[in-house]
Amino acid sequence: MGKSFELPELKYAYAALEPVIDARTMEIHHTKHHAAYVNNLNKALESAPEWFEYPIETILRRINEIPEGIRTAVRNHGGGHANHSLFWEVMIPGGAKEPHGALAEAINTTFGSFAAFQEQFSNAAITRFGSGWAWLVVDGEKKLRVYSTANQDSPYMEGHTPILGLDVWEHAYYLNYQWRRPDYVKAWWSVVNWDVVGRLYEQAC
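Owing to the predicted nature of the structure, the values given are computational and were not obtained by experimental measurement.

Rules used in this analysis
- Residues numbered from 1 in each chain as written.
- Predicted model: local features only at pLDDT ≥ 70, side-chain atom pairs only at ≥ 80, totals over all residues.
- Heavy atoms only, no water.
- Pairing = 2+ DSSP bridges.
- Helix = DSSP H or I, 4+ residues; strand = E, 2+ residues; numbered from the N terminus.
- Axes fitted to C-alpha atoms, helices over the stretch in contact; angles between N-to-C directions.
- UniProt positions renumbered as here; feature names shortened; annotations may be inferred.
- Contact = heavy atoms within 4.5 Å.
- Buried < 20%, exposed > 50% of the residue type's maximum accessible area, 1.4 Å probe, protein only.
- Left-handed = near helix turned anticlockwise from the far one by under 90°.
- Nonpolar A, V, L, I, M, F, W, Y, C, P; charged D, E, K, R; others polar.
- Domains from an automatic or database assignment.
- Buried area = accessible area lost by both parts, 1.4 Å probe.
- Salt bridge = Lys/Arg side-chain N within 4 Å of Asp/Glu carboxyl O.

Colleague: For this particular structure, what's the right way to read the sheet that holds strand 2 (residues 144-150)?
Modeller: Pairing between the strands of a sheet is mediated by backbone hydrogen bonds and can be parallel or antiparallel. Within the open sheet, the 3 strands sit side by side as 2-1-3. Their pairing is antiparallel. Since the sheet does not close on itself, it has two edges, and those belong to strand 2 and strand 3 (161-167), each with one partner. For this sheet, the mean inter-axis angle between neighbouring strands, taken without regard to orientation, is 25 degrees. With 7 bridges connecting them, strand 1 (residues 132-138) and strand 2 associate as antiparallel partners. Directly across from G132, in strand 2, lies its bridge partner A150.

What follows is the structure, encoded as structure tokens:
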């Protein structure tokens, strides 16, 4: 049997993304919300331990093969674990502020310009009703797409590979921004690590 899933450590301090995301929000988000997704995912899979052999990305891609009795729990908590793991990875203070190389070319080709892409992505984040995520993904044809998903649903469930995700659940921003989600979305662009996003794009292609 493979190992149970674990909460990944952050590669930076909780205060590293201030003032965009405050340290208290980061700490609660990581140690409480993400940790709960990991714990509940492990509990759900106890009745189907053979799935511990697979990475979470594979489990989500094969979500319809998960036993029906635990499928919703794995969808919610496994999605939460995968989504947050990517979220922490694609943010860093002082990272490249714009994409470069192959990713920059693909964004320009697909969306017309980096600014046009930002507008489309921001709109997906701002207009997602209730809780969810905005995504930049590589689809099955190796093309870039922008969309949002509800709750903790993951692009892996659609056969896509997420390379940039923005959490728009209220727990991600409410201490600082309250109801002002658009302000949070606008500020967040300054902490995206485009070096990581570019590497993820090249791996997905």
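Let us keep going from here.
Colleague: It is not clear to me how the UniProt feature "binding site: Mn(2+)" (unreviewed entry) in the chain should be interpreted in this structure. Could you clarify?
Modeller: Mapped onto this numbering, the UniProt entry annotates "binding site: Mn(2+)" (unreviewed entry) at H29, H84, D167 and H171. On the basis of their most widely separated C-alpha atoms, the annotated residues across 143 residues gather in one place, lying no more than 12.3 Å apart. Residue position: H29 is located in helix 1 (residues 23-45). Here H29 is in contact with H34, H84, F87, W88, D167, H171 and A172, once residues within four sequence places are set aside. Mapping H84 onto the fold places it in helix 3 (residues 68-89). Once residues within four sequence positions are removed from consideration, H84 is found in contact with H29, H34, Y37, W133, Q152, D167 and H171.

Colleague: Honestly, unusual backbone geometry in this entry has me stumped. Any pointers?
Modeller: Comment: phi is negative for the bulk of residues other than glycine, and the bulk of peptide bonds are trans. In this structure, the amide linkage connecting E18 to the following residue, P19, adopts the cis form with an omega of 5 degrees. As for its position among the elements, P19 is in the segment before helix 1. Phi is positive for N151, close to 55 degrees, though the residue is something other than glycine. Within the fold, N151 resides in the loop between strand 2 and strand 3. Judged by relative accessible area, which is 40%, N151 ranks as partly exposed. In the Ramachandran plot, Q178 falls in the positive-phi region, its phi being about 50 degrees despite a non-glycine side chain. Tracing the sequence through the fold places Q178 in the loop between helix 6 (174-177) and helix 7 (181-188). Judged by relative accessible area, Q178 falls into the partly exposed class, the value being 23%.

Colleague: What should I look at first to understand the pairing of strand 3 in this one?
Modeller: Here is the key point about a regular strand: its side chains alternate between the two faces of the sheet. For strand 3, the tally of buried residues reaches 7 of 7 residues, placing the bulk of the element in the interior. Both strand 1 and strand 3 contribute to a ladder of 6 bridges, which runs antiparallel. Across the sheet, residue A134 finds its bridge partner in strand 3, namely L166.

Colleague: It is not clear to me how the packing of helix 5 (residues 114-127) against helix 7 should be interpreted in this structure. Could you clarify?
Modeller: The relative placement of two packed helices comes down to the angle between their axes together with the axis-to-axis distance. Orientation of helix 5 relative to helix 7, taken along the N-to-C sense of each, is 145 degrees, at an axis distance of 9 Å. The handedness of the crossing between helix 5 and helix 7 comes out as right-handed. On helix 7, the residues touching F121, S122, A125 and I126 of helix 5 are R181, P182, V185 and W188. Grouping the amino acids of the contact of helix 5 with helix 7 by side-chain chemistry returns 6 nonpolar, 1 polar and 1 charged.

Colleague: Would you mind going over the domain arrangement of the chain with me for this structure?
Modeller: By a widely used convention, the size of an interface equals the accessible area lost when the partners come together. The assigned domain composition of the chain is domain 1 (23-90) and domain 2 (101-204). Between the C-alpha centres of domain 1 and domain 2 the distance comes to 20 Å. Listed per partner, the contact involves 20 residues of domain 1 and 30 residues of domain 2. Together, R61, N83 and V90 form the three largest contributors to the area buried by domain 1 at its contact with domain 2, with a combined 31%. Taken together, the connections running from domain 1 to domain 2 amount to 2 salt bridges.

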